[in-house]
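# Chain and residue survey
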Amino acid sequence: MGKVFIIGNGFDLDLKLKTKYIDFWQSEQFAEYRKKYSGLIYFLNSKANDKSTWFDIESLIREYVHTEDNYGTMNTQSNYAGRDKLQFEQIRNSLAAYLENEVVVRKLSESSFAAQVLRVIVEVGFESIYSFNYTDLHKIAEKLVITQHFDYRDIHGRSSDSSLILGINDTVNVVDNYEFAYKTFSPYYHSVPIKFDLEDADDVVIFGLAMGDIDYPYFQDFFRNLCDPENNRKNAKRVTIFTYDESSRMDILRQLRVMNEKRVNYMFGQNEFEFIRTGVEEDKPKLTRFIKRLQDEVKTKQMQKEQEMAMN
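Below: a short report on this structure. Quick caveat: nothing in here was measured; it's all calculated off a predicted structure.

### As for the side chain of Glu-100
Its place among the elements puts Glu-100 in helix α5 (residues 81–105). Residue Glu-100 is classed as buried on the basis of its relative accessible area, which comes to 16%. The residues contacting Glu-100, other than those within four sequence positions of it, are Lys-139, Ser-159 and Ser-160.

### Focus on the pairing of strand β2 (residues 128–131)
Consecutive side chains of a regular strand alternate in pointing toward one face of the sheet and then the other. Of the two faces of β2, the one lined by Ser-128 and Tyr-130 and the one lined by Ile-129 and Ser-131 are each fully buried. Judged from the four bridges that link them, strand β1 (residues 2–7) and β2 form a sheet pairing that is parallel. By the bridge assignment, Val-4 is partnered in β2 with Ser-128. The parallel pair β2 and strand β3 (residues 153–154) is bridged by helix α7 (residues 137–143), and the resulting crossover is right-handed.

### What to know about unusual backbone geometry
Backbone geometry places Val-145, a non-glycine residue, at a positive phi of 60°. Tracing the backbone shows Val-145 in the loop between α7 and β3. A positive phi angle, near 60°, is found at Ser-162, a position not held by glycine. Its location among the elements puts Ser-162 in the loop between β3 and α8 (194–200).

### A look at the layout of surface pockets
The gaps left among the atoms become clear once a water-sized probe is rolled over them. In this structure, the largest pocket spans a volume of roughly 1,400 Å³. If you trace the largest pocket, you find 49 residues lining it, with Asn-9, Gly-10, Leu-13, Gly-208 and Ala-210 closest to the centre. Put simply, the parts of the chain that give the lining of the largest pocket at least two residues each are α1 (9–14), α4 (57–65), α5, β5 (238–243) and α10 (246–259). When the residues that make up the lining of the largest pocket are grouped by side-chain class, the tally is 18 nonpolar, 18 polar and 13 charged.

### Comments concerning the sheet that holds β2
The strand order across the open sheet formed by six strands is β3-β2-β1-β4-β5-β6, and the pairing between neighbours is parallel. Looking at which strands have only one partner, the edges of the open sheet turn out to be β3 and β6 (272–277). As defined by bridge partners, β1 adjoins strand β4 (residues 201–207) across six bridges and the pair is classed as parallel. Bridging from a neighbouring strand, Val-4 pairs with Val-204 of β4. Across the sheet, α10 lies against β5 and β6, angled at about 145° from β6, the strand it touches most.

### A word on the environment of Ile-276
Mapped onto the elements of the fold, Ile-276 is located in strand β6. Between the alpha carbons of Ile-276 and Phe-242 there is a distance of 4.8 Å; along the sequence they are 34 residues apart. If we ignore the near neighbours within four places in the chain, the residues touching Ile-276 are Phe-113, Thr-240, Ile-241, Phe-242, Thr-243, Asp-283, Lys-286, Leu-287 and Phe-290.

### As for the packing of helix α3 (residues 39–48) against α4
Between α3 and α4, whose axes approach to 10 Å, the crossing angle comes to 120°. Regarding the angle of α3 to α4, the classification is oblique. Where α3 crosses over α4, the two elements pack in a sense that is right-handed. Residues Gly-39, Leu-40, Phe-43, Leu-44 and Lys-47 of α3 pack against Ile-57, Leu-60, Ile-61, Glu-63 and Tyr-64 of α4. Tallied by class, the residues present in the contact of α3 with α4 amount to seven nonpolar, one polar and two charged.

### So, the packing of helix α6 (residues 113–124) against helix α12 (residues 284–311)
Closest axis-to-axis distance for the α6/α12 pair is 10 Å, and the angle between their directions is 10°. Here α6 is positioned roughly parallel relative to α12, judged by the angle of their axes. Within the contact between the two elements, α6 uses Phe-113, Gln-116, Val-117, Val-120, Ile-121, Glu-123 and Val-124 and α12 uses Lys-284, Leu-287, Phe-290, Ile-291, Leu-294, Gln-295 and Val-298. Counted by class, the contact of α6 with α12 contains 10 nonpolar, two polar and two charged residues.

### Focus: the pattern of salt bridges
The final tally for this structure, using the stated rule, is 22 salt bridges. Across the pair Glu-58 and Lys-183 runs a salt bridge, and its minimum N-O distance is 2.5 Å. Here Glu-58 is found in helix α4, whereas its partner Lys-183 is found in the loop between β3 and α8, with 125 residues between them in sequence. The class for Glu-58 is buried, based on a relative accessible area of 7%. What you see here is one network of salt bridges that share partners, running through Glu-246, Arg-249, Arg-277, Glu-282 and Asp-283.

### Details of the environment of Ile-206
Among the secondary structure elements, Ile-206 is positioned in strand β4. Considering only alpha carbons, one finds Ile-206 and Ile-7, 199 residues apart in sequence, at a separation of 5.8 Å. Aside from chain neighbours lying at most four places away, what touches Ile-206 is Ile-6, Met-211, Phe-219, Phe-223, Thr-240, Ile-241 and Phe-242.

Rules behind the numbers
Residues numbered from 1 in each chain as written. Predicted model: local features only at pLDDT ≥ 70, side-chain atom pairs only at ≥ 80, totals over all residues. Heavy atoms only, no water. Helix = DSSP H or I, 4+ residues; strand = E, 2+ residues; numbered from the N terminus. Buried < 20%, exposed > 50% of the residue type's maximum accessible area, 1.4 Å probe, protein only. Contact = heavy atoms within 4.5 Å. Pairing = 2+ DSSP bridges. Right-handed = clockwise from strand over helix to strand, strands pointing away. 1 Å grid on protein atoms, 1.4 Å probe; cavity = no way out; pocket = protein on both sides within 12 Å on 5 of 7 lines; lining within 4 Å. Points joined across faces, edges and corners; volume = space filled by probe spheres on them. Nonpolar A, V, L, I, M, F, W, Y, C, P; charged D, E, K, R; others polar. Axes fitted to C-alpha atoms, helices over the stretch in contact; angles between N-to-C directions. Parallel < 35°, antiparallel > 145°, perpendicular 65-115°, else oblique. Left-handed = near helix turned anticlockwise from the far one by under 90°. Salt bridge = Lys/Arg side-chain N within 4 Å of Asp/Glu carboxyl O.

Written out as C-alpha coordinates, the structure is:
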(Lines give C-alpha, C1' and ligand atoms only; values in the text may rest on other atoms or scores of the structure.)
Protein backbone atom coordinates (compact mmCIF):
# COMPACT_ATOMS: atom_id res chain seq x y z
CA MET A 1 0.00 0.00 0.00
CA GLY A 2 1.17 3.55 -0.57
CA LYS A 3 0.43 7.26 -0.72
CA VAL A 4 -0.52 9.11 -3.91
CA PHE A 5 -0.59 12.90 -4.41
CA ILE A 6 -2.33 14.35 -7.49
CA ILE A 7 -2.50 18.02 -8.45
CA GLY A 8 -4.60 20.00 -10.93
CA ASN A 9 -4.76 23.65 -11.94
CA GLY A 10 -6.32 24.67 -8.62
CA PHE A 11 -2.93 23.92 -7.04
CA ASP A 12 -1.17 26.45 -9.26
CA LEU A 13 -3.95 29.00 -8.77
CA ASP A 14 -3.67 28.65 -4.99
CA LEU A 15 0.02 29.53 -5.32
CA LYS A 16 -1.16 32.74 -7.12
CA LEU A 17 0.10 31.65 -10.54
CA LYS A 18 -2.02 33.02 -13.40
CA THR A 19 -2.55 29.70 -15.14
CA LYS A 20 -6.14 29.99 -16.34
CA TYR A 21 -6.52 29.64 -20.10
CA ILE A 22 -8.02 33.14 -20.27
CA ASP A 23 -4.89 34.59 -18.60
CA PHE A 24 -2.76 33.06 -21.32
CA TRP A 25 -5.11 34.12 -24.13
CA GLN A 26 -5.12 37.73 -22.99
CA SER A 27 -1.36 37.86 -22.36
CA GLU A 28 1.15 39.90 -24.33
CA GLN A 29 2.91 36.69 -25.34
CA PHE A 30 -0.08 35.67 -27.45
CA ALA A 31 -1.10 39.12 -28.71
CA GLU A 32 0.25 38.70 -32.26
CA TYR A 33 -1.77 35.52 -32.83
CA ARG A 34 -5.04 36.99 -31.60
CA LYS A 35 -5.10 39.12 -34.77
CA LYS A 36 -5.85 36.12 -36.99
CA TYR A 37 -9.23 36.34 -38.75
CA SER A 38 -9.77 32.73 -39.76
CA GLY A 39 -9.41 29.22 -38.47
CA LEU A 40 -9.07 27.77 -35.00
CA ILE A 41 -7.57 30.84 -33.36
CA TYR A 42 -10.29 33.10 -34.73
CA PHE A 43 -12.93 30.71 -33.40
CA LEU A 44 -11.31 30.60 -29.95
CA ASN A 45 -10.91 34.37 -29.88
CA SER A 46 -14.63 34.82 -30.50
CA LYS A 47 -15.29 32.65 -27.43
CA ALA A 48 -12.72 34.49 -25.31
CA ASN A 49 -14.60 37.73 -25.96
CA ASP A 50 -17.87 36.21 -24.79
CA LYS A 51 -17.96 37.14 -21.10
CA SER A 52 -20.98 34.91 -20.48
CA THR A 53 -19.05 31.66 -21.00
CA TRP A 54 -16.13 29.93 -19.26
CA PHE A 55 -13.10 30.01 -21.56
CA ASP A 56 -11.64 26.49 -21.73
CA ILE A 57 -9.36 26.03 -24.73
CA GLU A 58 -9.54 22.23 -24.79
CA SER A 59 -13.34 22.12 -24.54
CA LEU A 60 -13.58 24.70 -27.32
CA ILE A 61 -11.14 22.78 -29.52
CA ARG A 62 -13.43 19.78 -29.07
CA GLU A 63 -16.36 21.92 -30.18
CA TYR A 64 -14.42 23.19 -33.20
CA VAL A 65 -13.22 19.83 -34.54
CA HIS A 66 -16.31 17.76 -33.71
CA THR A 67 -18.10 16.21 -36.67
CA GLU A 68 -21.48 17.39 -35.42
CA ASP A 69 -22.35 20.90 -36.52
CA ASN A 70 -23.80 23.15 -33.84
CA TYR A 71 -24.04 26.30 -35.90
CA GLY A 72 -25.65 25.37 -39.21
CA THR A 73 -22.32 25.52 -41.06
CA MET A 74 -19.24 23.41 -40.53
CA ASN A 75 -16.57 25.05 -38.41
CA THR A 76 -13.96 22.75 -39.88
CA GLN A 77 -13.40 21.07 -43.22
CA SER A 78 -10.72 18.52 -43.96
CA ASN A 79 -9.02 20.76 -46.54
CA TYR A 80 -8.49 23.42 -43.84
CA ALA A 81 -6.76 20.96 -41.53
CA GLY A 82 -3.26 22.09 -42.48
CA ARG A 83 -4.03 25.68 -41.55
CA ASP A 84 -5.64 24.68 -38.27
CA LYS A 85 -2.88 22.25 -37.34
CA LEU A 86 -0.38 25.10 -37.70
CA GLN A 87 -2.53 27.31 -35.47
CA PHE A 88 -2.93 24.46 -32.99
CA GLU A 89 0.87 24.23 -32.70
CA GLN A 90 1.15 28.01 -32.34
CA ILE A 91 -1.26 27.84 -29.41
CA ARG A 92 0.57 24.90 -27.84
CA ASN A 93 4.02 26.47 -28.13
CA SER A 94 2.83 29.88 -26.96
CA LEU A 95 1.07 28.34 -23.97
CA ALA A 96 4.27 26.53 -22.97
CA ALA A 97 6.27 29.77 -23.22
CA TYR A 98 3.66 31.71 -21.24
CA LEU A 99 3.51 29.19 -18.40
CA GLU A 100 7.28 28.85 -18.19
CA ASN A 101 7.59 32.62 -17.90
CA GLU A 102 4.79 32.71 -15.32
CA VAL A 103 6.68 30.32 -13.00
CA VAL A 104 9.84 32.39 -13.37
CA VAL A 105 8.43 35.89 -12.78
CA ARG A 106 5.47 35.29 -10.43
CA LYS A 107 5.93 35.52 -6.66
CA LEU A 108 4.41 32.40 -5.15
CA SER A 109 2.25 32.42 -2.04
CA GLU A 110 4.41 30.57 0.49
CA SER A 111 1.61 30.56 3.09
CA SER A 112 -0.97 29.07 0.71
CA PHE A 113 -2.59 25.69 1.30
CA ALA A 114 -0.81 24.45 -1.83
CA ALA A 115 2.65 25.41 -0.54
CA GLN A 116 2.02 23.87 2.89
CA VAL A 117 0.63 20.67 1.43
CA LEU A 118 3.51 20.25 -1.03
CA ARG A 119 6.03 20.73 1.79
CA VAL A 120 4.50 18.01 3.94
CA ILE A 121 3.98 15.65 0.98
CA VAL A 122 7.69 15.90 0.12
CA GLU A 123 8.67 15.69 3.78
CA VAL A 124 6.65 12.52 4.31
CA GLY A 125 7.86 11.01 1.05
CA PHE A 126 4.75 10.07 -0.90
CA GLU A 127 5.50 7.14 -3.19
CA SER A 128 3.66 8.61 -6.18
CA ILE A 129 3.13 12.23 -7.24
CA TYR A 130 1.21 13.09 -10.40
CA SER A 131 0.58 16.47 -12.00
CA PHE A 132 -2.14 17.31 -14.50
CA ASN A 133 -0.56 20.76 -14.83
CA TYR A 134 1.89 21.93 -17.46
CA THR A 135 4.02 23.89 -15.00
CA ASP A 136 7.22 22.24 -13.74
CA LEU A 137 6.63 21.10 -10.15
CA HIS A 138 10.36 20.92 -9.46
CA LYS A 139 10.76 24.60 -10.36
CA ILE A 140 7.80 25.49 -8.16
CA ALA A 141 9.35 23.55 -5.26
CA GLU A 142 12.65 25.35 -5.82
CA LYS A 143 10.92 28.74 -5.57
CA LEU A 144 9.24 27.56 -2.34
CA VAL A 145 12.70 26.57 -1.01
CA ILE A 146 11.76 22.89 -0.77
CA THR A 147 15.20 21.30 -0.90
CA GLN A 148 14.34 17.61 -0.45
CA HIS A 149 14.49 15.58 -3.64
CA PHE A 150 11.27 14.11 -5.01
CA ASP A 151 10.13 12.55 -8.26
CA TYR A 152 6.84 13.19 -9.99
CA ARG A 153 5.12 12.23 -13.22
CA ASP A 154 3.41 14.69 -15.52
CA ILE A 155 0.21 13.50 -17.19
CA HIS A 156 0.11 16.06 -20.00
CA GLY A 157 3.74 17.11 -20.40
CA ARG A 158 5.65 20.13 -19.10
CA SER A 159 6.05 23.71 -20.23
CA SER A 160 9.73 23.64 -19.22
CA ASP A 161 10.72 21.24 -22.01
CA SER A 162 7.94 22.09 -24.50
CA SER A 163 6.43 18.60 -24.15
CA LEU A 164 3.04 20.11 -23.34
CA ILE A 165 0.14 17.94 -24.53
CA LEU A 166 -2.90 19.95 -25.58
CA GLY A 167 -6.07 18.48 -27.02
CA ILE A 168 -9.12 16.27 -26.57
CA ASN A 169 -10.02 12.71 -25.61
CA ASP A 170 -10.31 9.82 -28.06
CA THR A 171 -14.06 9.52 -27.45
CA VAL A 172 -14.75 12.57 -29.64
CA ASN A 173 -15.28 11.98 -33.37
CA VAL A 174 -13.45 14.63 -35.39
CA VAL A 175 -13.53 15.86 -38.97
CA ASP A 176 -11.10 13.98 -41.25
CA ASN A 177 -7.48 15.12 -40.90
CA TYR A 178 -8.11 16.76 -37.53
CA GLU A 179 -6.76 13.79 -35.58
CA PHE A 180 -3.85 16.02 -34.51
CA ALA A 181 -6.26 17.37 -31.86
CA TYR A 182 -6.29 14.05 -29.98
CA LYS A 183 -4.04 14.04 -26.93
CA THR A 184 -3.05 10.44 -27.64
CA PHE A 185 -1.79 11.44 -31.10
CA SER A 186 0.73 13.89 -29.65
CA PRO A 187 4.36 12.82 -30.09
CA TYR A 188 4.80 13.63 -26.40
CA TYR A 189 2.01 11.36 -25.15
CA HIS A 190 3.34 8.77 -22.73
CA SER A 191 2.19 5.99 -20.44
CA VAL A 192 1.62 6.64 -16.74
CA PRO A 193 0.64 4.02 -14.11
CA ILE A 194 -1.76 6.32 -12.24
CA LYS A 195 -4.63 3.79 -12.43
CA PHE A 196 -2.57 1.07 -10.75
CA ASP A 197 -1.03 3.42 -8.18
CA LEU A 198 -4.52 4.55 -7.17
CA GLU A 199 -5.63 0.93 -6.96
CA ASP A 200 -2.72 0.05 -4.66
CA ALA A 201 -2.82 3.21 -2.53
CA ASP A 202 -4.33 3.48 0.93
CA ASP A 203 -3.94 7.27 1.17
CA VAL A 204 -4.84 9.52 -1.78
CA VAL A 205 -4.60 13.33 -1.79
CA ILE A 206 -6.06 15.30 -4.70
CA PHE A 207 -5.46 19.05 -4.88
CA GLY A 208 -7.21 21.43 -7.27
CA LEU A 209 -8.55 18.98 -9.83
CA ALA A 210 -12.06 19.69 -11.11
CA MET A 211 -12.77 16.09 -12.19
CA GLY A 212 -14.11 17.30 -15.52
CA ASP A 213 -14.79 15.19 -18.60
CA ILE A 214 -11.21 15.44 -19.88
CA ASP A 215 -9.49 14.24 -16.68
CA TYR A 216 -12.13 12.03 -15.02
CA PRO A 217 -11.39 8.88 -17.10
CA TYR A 218 -8.13 8.54 -15.15
CA PHE A 219 -10.16 8.23 -11.92
CA GLN A 220 -13.24 6.39 -13.08
CA ASP A 221 -12.29 2.92 -11.82
CA PHE A 222 -10.88 4.35 -8.59
CA PHE A 223 -14.07 6.13 -7.58
CA ARG A 224 -16.29 3.28 -8.75
CA ASN A 225 -14.41 0.97 -6.40
CA LEU A 226 -14.84 3.45 -3.55
CA CYS A 227 -18.59 3.44 -4.19
CA ASP A 228 -18.95 -0.33 -4.53
CA PRO A 229 -21.48 -1.49 -1.91
CA GLU A 230 -19.74 -4.87 -1.79
CA ASN A 231 -16.46 -3.38 -0.55
CA ASN A 232 -15.04 -4.57 2.76
CA ARG A 233 -12.83 -2.88 5.35
CA LYS A 234 -9.55 -4.07 3.84
CA ASN A 235 -10.36 -2.17 0.62
CA ALA A 236 -11.14 1.11 2.40
CA LYS A 237 -9.03 4.13 1.51
CA ARG A 238 -8.32 7.55 2.96
CA VAL A 239 -9.11 10.24 0.37
CA THR A 240 -8.58 13.97 0.86
CA ILE A 241 -9.71 16.40 -1.82
CA PHE A 242 -8.55 20.02 -1.69
CA THR A 243 -10.84 22.35 -3.62
CA TYR A 244 -11.44 26.10 -3.58
CA ASP A 245 -14.88 26.75 -2.12
CA GLU A 246 -18.34 25.36 -1.52
CA SER A 247 -19.31 25.81 -5.16
CA SER A 248 -16.37 23.74 -6.43
CA ARG A 249 -16.98 21.10 -3.73
CA MET A 250 -20.56 20.73 -4.95
CA ASP A 251 -19.42 20.54 -8.58
CA ILE A 252 -17.10 17.64 -7.76
CA LEU A 253 -19.82 15.83 -5.82
CA ARG A 254 -22.24 16.24 -8.72
CA GLN A 255 -19.66 14.73 -11.06
CA LEU A 256 -18.98 11.83 -8.70
CA ARG A 257 -22.68 11.18 -8.22
CA VAL A 258 -23.35 11.06 -11.97
CA MET A 259 -20.35 8.85 -12.70
CA ASN A 260 -20.97 6.41 -9.86
CA GLU A 261 -24.61 5.44 -10.17
CA LYS A 262 -25.73 7.93 -7.47
CA ARG A 263 -23.81 6.07 -4.74
CA VAL A 264 -21.78 8.87 -3.17
CA ASN A 265 -23.03 7.78 0.27
CA TYR A 266 -20.99 4.56 -0.05
CA MET A 267 -17.89 6.61 -0.84
CA PHE A 268 -18.23 8.42 2.49
CA GLY A 269 -19.55 5.46 4.45
CA GLN A 270 -16.90 2.91 3.46
CA ASN A 271 -13.83 5.17 3.36
CA GLU A 272 -12.24 8.05 5.24
CA PHE A 273 -13.28 10.76 2.80
CA GLU A 274 -12.82 14.50 3.37
CA PHE A 275 -12.98 17.78 1.48
CA ILE A 276 -10.79 20.74 2.47
CA ARG A 277 -11.73 24.10 0.94
CA THR A 278 -8.73 26.37 0.46
CA GLY A 279 -10.81 29.53 0.11
CA VAL A 280 -12.91 28.98 3.24
CA GLU A 281 -11.54 30.28 6.54
CA GLU A 282 -13.30 27.67 8.67
CA ASP A 283 -11.41 24.86 6.86
CA LYS A 284 -7.98 26.02 8.06
CA PRO A 285 -8.11 23.71 11.11
CA LYS A 286 -8.67 20.81 8.70
CA LEU A 287 -5.39 21.67 6.98
CA THR A 288 -3.61 21.75 10.35
CA ARG A 289 -5.00 18.32 11.25
CA PHE A 290 -4.09 16.95 7.80
CA ILE A 291 -0.46 18.07 8.14
CA LYS A 292 -0.19 16.78 11.72
CA ARG A 293 -1.62 13.39 10.73
CA LEU A 294 0.99 12.89 8.03
CA GLN A 295 3.83 14.05 10.25
CA ASP A 296 2.66 11.82 13.12
CA GLU A 297 2.55 8.82 10.78
CA VAL A 298 6.18 9.43 9.83
CA LYS A 299 7.20 9.68 13.50
CA THR A 300 5.36 6.47 14.33
CA LYS A 301 7.05 4.58 11.50
CA GLN A 302 10.45 5.92 12.55
CA MET A 303 9.89 4.81 16.14
CA GLN A 304 8.84 1.36 14.98
CA LYS A 305 11.92 1.09 12.81
CA GLU A 306 14.18 2.12 15.69
CA GLN A 307 12.53 -0.41 17.99
CA GLU A 308 13.00 -3.17 15.43
CA MET A 309 16.67 -2.27 15.01
CA ALA A 310 17.16 -2.27 18.80
CA MET A 311 15.57 -5.72 19.07
CA ASN A 312 17.88 -7.09 16.39
